[in-house]
Amino acid sequence: MYVTQCNSGHNINFMTALRKINSDFNQLYDGKGLKLFMNWDQFFAKIQEVKKTGNKDKTVAKLLELRENIKNQDSKFLIELKTIALLIPSKGRFVLKNSKHWKFSTQETVEGIVVEAKTAGDIDEVIRIQKEKALAHQQTVQPYIIYVGSIEDPRAFYIVIDTIYLHFDNPIKAFDILFKIFHIMNAKYP
């Protein structure tokens with residue numbers, strides 16, 4: 001079961017919505033629906049190998065060291081997500097209303113995918129900050145994951161879509177649905 005809980009003022013059957021997301025993704029990308037689960041380890045190893053040469057980013061080195069010393073699989077996956085966002089930074093640029101060019105910083109790229117909330121009580125504040133950052137750059141907030149706890153001890157995982165957030169059992173399931181949402185809704189990557 002993907003969703004264990006949701007917070008929304010909308011009267012929607014979320015299990016039906018998740019089935020629709022999976023169905024739409026499978027219709028667009030026939031036979032690719034389980035690729036994330038089946039190939040994640042190989043994908044991460046390949047990215048790490050290709051980007052290892054010449055990478056002197058201390059944050060990446062710290063995350064990879066933490067990944068090697070941690071046993072919690074949820075933590076490992078979150079570390080890998082953050083590492084990929086650092087190894088493959090955003091290349092997209094935007095023209096703002098004042099005709100200035102702007103692009104996401106590496107940290108904004110990471111936080112556009114996954115954000116930490118120390119406690120469940122911090123979730124609303126994290127969402128508010130994400131909205132403020134997007135507004136400051138004349139952007140809209142795209143779907144993203146919030147995890148509650150620390151990178152070493154994550155306790156809850158949510159996908160945030162506007163005013164809706166869905167609670168997942170683990171970050172892999174959350175990212176699977178997030179990835180599919182980006183593709184079927186043609187959302188902008190950070």
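Placed above this text is the structure.
Parameters at a glance
Residues numbered from 1 in each chain as written. Predicted model: local features only at pLDDT ≥ 70, side-chain atom pairs only at ≥ 80, totals over all residues. Heavy atoms only, no water. Core = buried A, V, L, I, M, F, W, Y, C linked by side-chain atoms within 4.5 Å. Buried < 20%, exposed > 50% of the residue type's maximum accessible area, 1.4 Å probe, protein only. Helix = DSSP H or I, 4+ residues; strand = E, 2+ residues; numbered from the N terminus. Axes fitted to C-alpha atoms, helices over the stretch in contact; angles between N-to-C directions. Parallel < 35°, antiparallel > 145°, perpendicular 65-115°, else oblique. Left-handed = near helix turned anticlockwise from the far one by under 90°. Contact = heavy atoms within 4.5 Å. Nonpolar A, V, L, I, M, F, W, Y, C, P; charged D, E, K, R; others polar. Salt bridge = Lys/Arg side-chain N within 4 Å of Asp/Glu carboxyl O.

K.L.:
Honestly, the nonpolar core in this entry has me stumped. Any pointers?
P.N.:
One broad trend across soluble globular proteins is that nonpolar side chains are buried collectively. Trp40, Ile145, Ile159, Phe168, Phe175 and Ile177 are the most contacted members of the largest nonpolar core, which totals 36 residues. Contributing elements (two or more residues each) for this core: α1 (14–28), α2 (35–52), α3 (58–68), α4 (73–87), β5 (144–149), β6 (154–161), β7 (164–168) and α7 (171–184). Among the elements that line this core, the one with the most residues is α4, at eight residues. By size, the runner-up hydrophobic cluster in this structure holds twelve residues, among which are Ile123, Ile146, Tyr158 and Val160.

K.L.:
Is there a simple way to explain the packing of α3 against α4 in this structure?
P.N.:
Working note: a packed helix pair is described by the angle between its axes plus the distance between those axes. Remark: α3 packs on α4, axes separated minimally by 10 Å, with the N-to-C direction vectors making an angle of 160 degrees. It follows from the interaxial angle that α3 and α4 lie roughly antiparallel. Handedness of the α3/α4 crossing: left-handed. Residues Thr59, Val60, Leu63, Leu64, Leu66 and Arg67 of α3 form the contact with α4, whose own contacting residues are Lys76, Ile79, Glu80, Lys82, Thr83, Leu86 and Leu87. Its residues assigned to classes, the contact of α3 with α4 comprises seven nonpolar, two polar and four charged.

K.L.:
Any chance you could explain the pattern of salt bridges here in plain terms?
P.N.:
As a working rule, side chains carrying opposite charge can pair if their charged atoms are close by. Per the counting criterion, the structure on display carries ten salt bridges. Here Arg67 makes a salt bridge to Glu80, at a shortest N to O gap of 2.7 Å. Of the two residues, Arg67 is situated in helix α3 and Glu80 in helix α4; the sequence distance between them amounts to 13 residues. Taken individually, Arg67 and Glu80 each receive the classification buried, so the pair is uniform in this respect.

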